[in-house]
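One-letter residues, chain by chain:
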There are 2 protein chains.
Amino acid sequence: MENAGFRSGSIDSLHHPSEDDDDEMVDIAGATLDFSATEDDPPLGSGSYEEPGSSSGAAGMNGGGPSKPLDPLEETLPGLGTYEDFNTIDWVREKSKDRERHREITNKSKQSTMALLHSVSDAFSGWLLMLLVGLMSGALAGGIDIAAHWLTDMKEGICLVGFWFNHEHCCWTYNETTFQERDRCPQWQSWAELITGTAEGPFAYIVNYMMYIFWALLFAFLAVALVRAFAPYACGSGIPEIKTILSGFIIRGYLGKWTLIIKTITLVLAVSSGLSLGKEGPLVHVACCCANILCHLFTKYRKNEAKRREVLSAAAAVGVSVAFGAPIGGVLFSLEEVSYYFPLKTLWRSFFAALVAAFTLRSINPFGNSRLVLFYVEFHAPWHLVELAPFILLGIFGGLWGALFIRANIAWCRRRKTTRLGHYPVTEVLVVAAITAIIAFPNSYTRMSGAELIAELFNDCSLLDSSQLCGYKQLNNTQTAVGNSLADRPAGVGLYTALWQLALALIFKIVITVITFGMKVPSGLFIPSMAVGAIAGRLLGVGMEQLAYYNHDWFIFKGWCSPGADCITPGLYAMVGAAACLGGVTRMTVSLVVIMFELTGGLEYIVPLMAATMTSKWVADALGREGIYEAHIRLNGYPFLEAKEEFEHSSLAVDVMRPRRSDPALAVLTQESMTVGEVETLVESTHYSGFPVVVSQESQRLVGFVLRRDLLISIDNARKRQEGIVSASQVLFTEHAPAQDPDGPPPLRLRGILDLSPFTVTDHTPMDITVDIFRKLGLRQCLVTHNGRLLGIITKKDILKHMAHIANRDPDSILFN
Amino acid sequence: MENAGFRSGSIDSLHHPSEDDDDEMVDIAGATLDFSATEDDPPLGSGSYEEPGSSSGAAGMNGGGPSKPLDPLEETLPGLGTYEDFNTIDWVREKSKDRERHREITNKSKQSTMALLHSVSDAFSGWLLMLLVGLMSGALAGGIDIAAHWLTDMKEGICLVGFWFNHEHCCWTYNETTFQERDRCPQWQSWAELITGTAEGPFAYIVNYMMYIFWALLFAFLAVALVRAFAPYACGSGIPEIKTILSGFIIRGYLGKWTLIIKTITLVLAVSSGLSLGKEGPLVHVACCCANILCHLFTKYRKNEAKRREVLSAAAAVGVSVAFGAPIGGVLFSLEEVSYYFPLKTLWRSFFAALVAAFTLRSINPFGNSRLVLFYVEFHAPWHLVELAPFILLGIFGGLWGALFIRANIAWCRRRKTTRLGHYPVTEVLVVAAITAIIAFPNSYTRMSGAELIAELFNDCSLLDSSQLCGYKQLNNTQTAVGNSLADRPAGVGLYTALWQLALALIFKIVITVITFGMKVPSGLFIPSMAVGAIAGRLLGVGMEQLAYYNHDWFIFKGWCSPGADCITPGLYAMVGAAACLGGVTRMTVSLVVIMFELTGGLEYIVPLMAATMTSKWVADALGREGIYEAHIRLNGYPFLEAKEEFEHSSLAVDVMRPRRSDPALAVLTQESMTVGEVETLVESTHYSGFPVVVSQESQRLVGFVLRRDLLISIDNARKRQEGIVSASQVLFTEHAPAQDPDGPPPLRLRGILDLSPFTVTDHTPMDITVDIFRKLGLRQCLVTHNGRLLGIITKKDILKHMAHIANRDPDSILFN
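Residue numbers restart at each chain and count upward from 1, following the sequence in its written direction. In the order they appear in the text, chains get letters beginning with A and ligands get numbers beginning with 1. Predicted model: local features are reported for residues with pLDDT of at least 70 only, side-chain atom pairs are reported and counted for 80 or more only, and whole-chain, interface and lining totals are derived from all residues.

- Labelled according to an unreviewed UniProt entry, chain A appears under the name Chloride channel protein, originating from Pogonophryne albipinna.
- UniProt positions are given in the numbering used here, feature names are shortened, and annotations may be inferred rather than shown by experiment. Quoted verbatim from the Sequence similarities (unreviewed entry) field of UniProt, the annotation for chain A is "Belongs to the chloride channel (TC 2.A.49) family."

If you want it as structure tokens, here you go:
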């Protein structure tokens, strides 16, 4: 119940500096497709707590006397029951509103065939919406994949047949292509070939280098410029904000159509520019935008914040489903990582939407291999129990990297927020893009895109493989392959070169990712984290392989790794390392293992993955409790009540509630003894978002709770439209008017906007229980009583401040209600 | 807060008649390993609400004056904070207790190395427990599989090398075994061979028939006799009771060691007897018993009902994991179907335990094929969009069967409960076993066990297959197989015979399953349901195949089903049918699809499965909202508040609370004006489980809530141990004693047992919100206030009665608190 006018201060914390015309941008972004119900929509019954109660005799609304209990004004008073921007919703009220709506439709459906049809279509609208979300997200993801592929290749050269072909498509038509030379065809020309006429020599190399940097800078500039010009919310991965929104917060325009359009375009540009970022996180944001926009087609979802969040939960699953081609993993990701309120109905619908999206994506076939998954992996050799030791080592590495990355990234982002660095986002992006391009080009492992790199590192070397990573010495004896699998062999020159390059790439990726994540372009963290882990894993894997090859008589290798056997698969190490690093950064566990399981399609490798992910989580948790998303949420001061962590302090409700002992008494309204003028004075002299209503100042017995917004709208409306309402009019929250002066002005009846069922706890309630109540019911505020008398109030913000205080953090870092 | 002494009446509803010595049985079953904390365990601080509050000045406990705030009595008073049998637990109190314990350990850990070690071991005890649960359940499941396999074969013959070998093992040693004749070897003799010396002829057939019936009756008799003699709770599938227990109900002995031992043995016997039941549901019960017993090794779990339920949730996942070899499906089953309170920590631990169990089972290798899964399926042909129509048809069949099965089964079970039928459980089992054996033997598809039948129906016909189901006409042209897959061929005589037998088997299974499920033997429903669906699916699949073969020029087959192509896979139809029927009965959705996905290992067939499961659920829901487990829960009158269904009526808290308008006023205690004698009189004159404490009778302002059990124990204890406590002693719930007669007896201070943070709602709170609060917080009761004055009380039972009343059911069918 703190400052409700946080608008201007809050913008700053949303990633864009406040010195320029950001406010206008927000308005553009949120102009037509606000996240919340637009204020012009008639609210679905603001006094919904009152209406169901047939037995309680729902009494007159503002304006109407007791004789007119259902004043039409009540239905149409605009703004009642809606929320301001950057405010927390009241889950209980929203859910109650939806149940009320559903009851109405069900009751009506017995009356006519039309109403019955309406009721049936209402019941199926959720499924239809899921279908649409799946189709739209799948199609968008396919488009993004294709466009990013094309633009990435554009940095290296161009197709003479048509500039809109990417390298691979360009060479498809070339019929002399053999397996080894699949990537070479005369139609595809590198920039050097096109400009200088030759593809060889140092000059050609420099031309290619320059063109690479040029395109990288161009794409990066376009990305950041578009974001800043049209949709400031399109930057970042979006997952921290989506988590906050799903927990019941309003950020208008964050999931609007401008954000969607700009994010889709700039995501392609940012990925193509070669920056160390991925498209997987932003795809979740894109899917949520789709869902939010499609919600506007259905009244049920347009008008109800709680119902809409159910759809958004499913959309988060859709995002991961199309990012990795892992529908089950996506659903678990939504459940484990993103969602706050995840009823079982949502589970089933999420799964449906995730599948639809995955199949839509497959029919677009952006990877050109008919595979559903982003990285298709197939290993030939089983793993041995001894290998658990290096897997756990990878887990430790992943945990360390995760924890250090989070600290470094948060420190850097805080620096960006607080110093002049944050004032030049375009310059920042251009500088980072230039550094990335300059360092990345010479090293083939950093030049290729993150996804390509990971695919190559996951790959198990086969006989025909010409990649540098498979540059083993050819053995001249009969130790050839069984099937497609290769026996362990000594490393050759090619492999040693590759290892050096990979080691350099590892250091580069570690450093550059820290400063890249959080810039003003769409940027996901999954691919860079996985790349770091995959490089480390592959290095360790090759090391183990060579160790085993040269020392197969050591006791640890004895019995399972005889010479000529294929006992160690470096690709598996890369996969385990990728999972460990991703786990360390995001603290996902089950969903991560399931995503990986869907990539490999076999339960065989779950144990290594689980060992590494578990170790990684434990190590990372020991160094810092928060995952990257929670850390960013806290950095931005969003009011997010983490559902996973237990509140462990022993404070009581009385220690957290306002007013404190030294503060002035709680501002309350009385149910029948105040005038309109007194109420207005009280409301204007405070900044609280709501006021308890009591029987009388003396008794302090609680009657209900009224929201500031509803109160102001109602009084304002009554003064304009209702005759005789002046400052001296009595404000009545009671059902029946008390005896009053017949000559005085008519009273203003406001029972309709009074929440007659406010949540209360006693002052002795331990805070762990109070926090549990807030989390589970999604409360915005809760009143505190002692022996039946009103004592104070606790808001979500108070709780977050209290938790920050306990953790020795600055309580004022919590910015919003 | 109704009758607390429901013990005797309740037994009846737990599947066993009340005329015999059931009470003794319960005592045997629950003698040493009660489900709940045993009463001798010192409770971990009954007044835990009071202790954390350093600021509230936790005052004197019973016995000690204000000068002795931490009376040792408080710590050791036996029974305080525990629950009676057949009562609902208070989740909030349990969770708060655990947090308090955790805080204590964390605080102490800073003081010494030992305490630090204790804290670390405490943190890891959950994981260790999960490991043990996984190992034990996996080992037990393996043992059950092996034993059931052996006993099932015993019905047909015996191994001459050693009677402890089953048919397959017996012939393993026989080295002349060829692929086709794998099942024939001289060491294995059918009973006819052993007795009459010949395996052929009508006489041998009759001997085999008789021996089959004999063994079936023997196994069935042993099963029912053991259940009745030692562990009446071992009967049924156990899932309805586990759902109820997980929702916070106490049934002592239901998960005790006797139940485990007897259920394990009788499950083997029941499955082997050939009754139409499966072992998958009971395996969930077995896993939960393991978990509950293992909980006794760890104080953290032994003493806390809420923490224990987290472990039980994971154990349910373990049960399904070992039943089907599907760990992810198991976790989702627990989440979707069984669990009530499923925090994310549990998700991760469940997954771990499910994997450990699956790998333990695999290392025991009971199926002899190194496969993790119960039915390994591999199809060669993709499905076509046109086939969705028959798949949806199967979904409709599954939904119809599910809804009708539930109605018929519940009607039959109600008949068993209410008529004399229930008095003869042994006779009933023997009669059903005899009927089953007599009808099942002549038909090879009913003679084989359910799991074998399903495996055969799922199977895709290969060239070498000698099974009757693959009795197609051999084609003499070159339309041979590609790889292992076969082109569609016309049905031969063998197949027609098989179809007739399958059709008869379908009718038999449908009828016999209705009367089998619910008998006094362990009986699961998964396998019979899946068998029904698989038969129907296979029939439809073969029908489609023949239709396509003879009419491949029809427009629906044109373009994808040319002659000689393998376009329709009857095995896939069987799988889809099995999923549809199982879905119709249990109303599982996601978990079912994921289990099937794990069986086939490919996303390819998820769409057919989903279409069928979804249709099945919709059709079944249209005919009756409840799944079989919810129906059995209601039949037994357990207090289960379904978390999935919305409460849709528009009543208010005031309509549900007690006392009703015509009832006498609520029985309340006052905080300082009553004597011990008055309190005792009030408690004894009512049957309520708890009493609100108010400031005074006039003001009715609420102070707290005290439980009958705690009150009686404390007064009893004080009268025995504390000097001067007589009937005239004042009972004080306040912190500070009021001025009192210095000559009078000393007051009895009971603030320590007073719950100072009772939940309250206002009388105007809509019931949908109240029900939500009860569900989400796991409340047992909630007080109702109006304008700050206490008005009444709502218990979980009141809510269930109200819901039964709305649904036009008998409110008195809710038996327990």
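## Remarks on the overall build of chain A
Reasoning step 1: The secondary structure content of chain A amounts to 30 helices and 11 strands.
Reasoning step 2: Counting only contacts in chain A whose residues sit at least 6 apart along the sequence, the fraction spanning at least 24 positions is 76%. Helix and strand assignments come from DSSP, with helices taken as H or I runs of at least 4 residues and strands as E runs of at least 2, each series counted from the N terminus. Throughout, a residue-residue contact means that the two C-beta atoms, derived from backbone geometry, are no farther apart than 7 Å.

## With respect to the sheet that holds strand S7 (residues 730–732) of chain A
Reasoning step 1: Note on pairing: two strands pair once DSSP finds at least 2 bridges between them. Strand order in the open sheet made by the three strands is S4-S7-S8 (chain A), with mixed pairing throughout. A strand with exactly one partner marks an edge of an open sheet, and here the two such strands are strand S4 (674–675) and strand S8 (748–749) of chain A.

## With respect to the interface of chain B and chain A
Many descriptions give the size of an interface as the accessible area lost when the pieces come together.
Reasoning step 1: If you look at the interface, chain B gives 53 residues, while chain A gives 54 residues.
Reasoning step 2: With six residues, helix H15 (residues 344–364) of chain B is the largest single contributor of residues to the side of chain B that touches chain A.

## As for the pairing of strand S5 (residues 690–694) of chain A
For a regular strand, side-chain orientation follows a simple rule: the groups alternate between the two sheet faces.
Residue and element names in this part refer to chain A.
Reasoning step 1: In this scheme the burial state of a residue depends on its C-beta neighbours within 10 Å: 20 or more other such atoms mean buried, 12 or fewer mean exposed, and anything in between means partly exposed; the C-beta positions come from the backbone. Where burial is concerned, most of S5 is hidden: five out of the five residues are buried.
Reasoning step 2: Across two bridges, the pairing between strand S3 (residues 669–670) and S5 is parallel. The partner of Thr670 across the bridge, within S5, is Val694.

## Re the relation of the copies chain B and chain A
Reasoning step 1: Superposition of the copies used a least-squares fit over C-alpha atoms from residues whose pLDDT is at least 70 in both. Expressed as a screw operation, the relation of chain B to chain A combines 0.0 Å of axial shift with a rotation of 180 degrees, fitting to an RMSD of 0.1 Å. In the structure described here, the two chain copies are related by an operation that fits a two-fold rotation axis. Judged by C-alpha distance, B:Gly788 is the residue of chain B that lies nearest the rotation axis, at 2.4 Å.
Reasoning step 2: With an isologous cut-off of 70% or more, the 100% of interface residues of chain B that recur at the interface of chain A puts this contact in the isologous class.

## A short note on the UniProt feature "domain: CBS" (unreviewed entry) in chain A
Residue and element names in this part refer to chain A.
Reasoning step 1: As annotated in UniProt, the feature "domain: CBS" (unreviewed entry) corresponds to residues 657–721 and 753–811 in the numbering used here.
Reasoning step 2: Annotated as residues 657–721, this span is 37% helix and 23% strand, and its ends, taken at the C-alpha atoms, are 38 Å apart.
Reasoning step 3: Structurally, residues 753–811 comprises 37% helix and 27% strand, and the distance from its first C-alpha atom to its last is 32 Å.

## Looking at the sheet that holds strand S6 (residues 702–707) of chain A
Residue and element names in this part refer to chain A.
Reasoning step 1: Taking strand neighbours across the sheet as the criterion, the three strands line up as S3-S5-S6 in an open arrangement whose pairing is mixed. Only two strands of the sheet have a single partner each, and these edge strands are S3 and S6.
Reasoning step 2: Here S5 pairs with S6 via five bridges, running antiparallel. Along S6, the bridge assignment pairs Phe691 with Val706.
Reasoning step 3: Between N-to-C directions, angles cover 0 to 180 degrees, with each direction set by a line fitted to C-alpha atoms, over the stretch in contact for helices. Contacts from helix H28 (residues 708–721) reach S5 and S6, with the element oriented near 75 degrees to S6.

## Some remarks on the domain arrangement of chain A
Reasoning step 1: Split into domains, chain A comes out as domain 1 (140–364), domain 2 (385–635) and domain 3 (653–813).
Reasoning step 2: The C-alpha centroid of domain 3 of chain A is placed 55 Å from the C-alpha centroid of domain 2 of chain A. Just so you know, the domain bounds were taken from an automatic or database domain assignment.

## Concerning the packing of helix H29 (residues 767–777) of chain A against helix H29 (residues 767–777) of chain B
Reasoning step 1: For the pair H29(A) and H29(B), the least separation of the axes is 10 Å and the interaxial angle reads 120 degrees. When the axes of H29(A) and H29(B) are compared, the pair comes out oblique. Seen along the crossing, H29(A) lies across H29(B) with a hand that is right-handed. Contacts between H29(A) and H29(B) pair A:Ile773, A:Lys776 and A:Leu777 from the former with B:Ile773, B:Lys776 and B:Leu777 from the latter.
Reasoning step 2: Each residue receives one of three labels: charged for Asp, Glu, Lys and Arg, nonpolar for Ala, Val, Leu, Ile, Met, Phe, Trp, Tyr, Cys and Pro, and polar for the others, Gly being one of them. Of the residues belonging to the contact of H29(A) with H29(B), the class tally is four nonpolar, no polar and two charged. These descriptions rest on fixed angle ranges, namely under 35 degrees for roughly parallel, over 145 for roughly antiparallel, 65 to 115 for roughly perpendicular, and the rest for oblique. Crossings are sorted by hand: turned counterclockwise from the far helix by less than a right angle, the near helix makes the crossing left-handed, and turned clockwise it makes it right-handed.

## Thoughts on helix H19 (residues 450–458) of chain A
Residues three or four positions apart in an α-helix share a direction because the helix packs 3.6 residues into each turn.
All names here are of chain A.
Reasoning step 1: Across the nine residues of H19, seven count as buried, placing the element largely inside the fold.
Reasoning step 2: For H19, the complete set of buried residues consists of Gly450, Ala451, Leu453, Ile454, Glu456, Leu457 and Phe458.
Reasoning step 3: Packing partners of the buried residues in H19 comprise helix H18 (444–447), helix H21 (526–550) and helix H22 (570–586).

## Describing the environment of A:Leu355
Reasoning step 1: Along the polypeptide, A:Leu355 turns up in helix H15 (residues 344–364).
Reasoning step 2: Note: C-alpha distance between A:Leu355 and A:Asn409 (54 residues apart in sequence) is 34 Å.

## Quick look at unusual backbone geometry
Reasoning step 1: In this structure, the amide linkage connecting A:Arg658 to the following residue, A:Pro659, adopts the cis form with an omega of -5 degrees.
Reasoning step 2: With a phi angle near 55 degrees, B:Phe86 is a residue other than glycine that sits in the positive phi range.
Reasoning step 3: Locating B:Phe86 in the fold gives a position in the loop between helix H3 (72–76) and helix H4 (91–109).
Reasoning step 4: Positioned with a positive phi, B:Arg587 is a non-glycine residue whose angle comes to about 65 degrees.
Reasoning step 5: Mapping B:Arg587 onto the fold places it in the loop between helix H22 (570–586) and helix H23 (590–600).

## Quick notes on the pairing of strand S11 (residues 789–795) of chain B
All names here are of chain B.
Reasoning step 1: Where burial is concerned, most of S11 is hidden: six out of the seven residues are buried.
Reasoning step 2: Bridge count for strand S10 (residues 781–786) against S11 is six bridges, and the pairing is antiparallel. Of the residues in S11, the one forming a bridge with Thr785 is Leu790.
Reasoning step 3: In this structure, the hairpin formed by S10 and S11 is closed by a connection of two residues, where Asn787 is found at a positive phi of approximately 45 degrees.

## Some points on the confidence of the model for chain A
Residues and elements named next belong to chain A.
Reasoning step 1: Think of pLDDT as the predictor's per-residue confidence, scored from 0 to 100. Of all residues in chain A, 85% attain a pLDDT of 70 or more, and the chain-wide mean is 82.
Reasoning step 2: Note that residues 1–75 has pLDDT below 50 and, in this model, 162 contacts with residues that lie over four places away or in other chains.
Reasoning step 3: For residues 477–485, every residue scores under 50 in pLDDT, and the model assigns this stretch 10 contacts once sequence neighbours within four places are set aside.
Reasoning step 4: Across the interface, the model reports ipTM at 0.82; the global pTM reads 0.85.

## Things to note about the packing of helix H16 (residues 388–418) of chain B against helix H21 (residues 526–550) of chain B
All names here are of chain B.
Reasoning step 1: The N-to-C vectors of H16 and H21 enclose an angle of 150 degrees; their axes lie 11 Å apart at closest approach. It follows that H16 is roughly antiparallel to H21 by the angle criterion. You can see that H16 and H21 cross each other, and the crossing is right-handed. Listed contacts from H21 to Pro390, Leu393, Leu394, Phe397, Gly398 and Trp401 of H16 are Val532, Gly533, Ala536, Gly537, Leu540 and Met544.
Reasoning step 2: Of the residues contributing to the contact of H16 with H21, the split by class is nine nonpolar, three polar and no charged.

## Remarks on the environment of B:Asp98
All names here are of chain B.
Reasoning step 1: Locating Asp98 in the fold gives a position in helix H4.
Reasoning step 2: On the basis of neighbour counts, which here come to 22 C-beta atoms within 10 Å, the residue Asp98 falls in the buried class.
Reasoning step 3: The sequence separation of Asp98 and Asp85 amounts to 13 residues, and the corresponding C-alpha distance is 21 Å.
Reasoning step 4: When residues no more than four places from it in sequence are discounted, the contact partners of Asp98 are Asn304, Ala306 and Lys307.

## So, H22(A)
All names here are of chain A.
Reasoning step 1: Helix length check: H22, at 17 residues, gives a terminal C-alpha distance of 24 Å against a target of 24 Å (1.5 Å per residue), a fit within 8%.
Reasoning step 2: Of all the 17 residues making up H22, 17 are buried; the element is thus mostly covered by neighbouring parts of the structure.
Reasoning step 3: Remark: Arg587 follows H22 within two positions and exhibits a positive phi of approximately 65 degrees. Expected helix span is computed as 1.5 Å times (number of residues minus one).

## Some points on the environment of B:Ala667
Residue and element names in this part refer to chain B.
Reasoning step 1: Its place among the elements puts Ala667 in the loop between helix H26 (653–656) and strand S3 (669–670).
Reasoning step 2: Distance in space between the C-alpha atoms of Ala667 and Phe691 is 6.7 Å, their sequence separation being 24 residues.
Reasoning step 3: Not counting residues within four places of it along the chain, the set of residues in contact with Ala667 comprises Leu682, Thr686, Tyr688 and Phe691.

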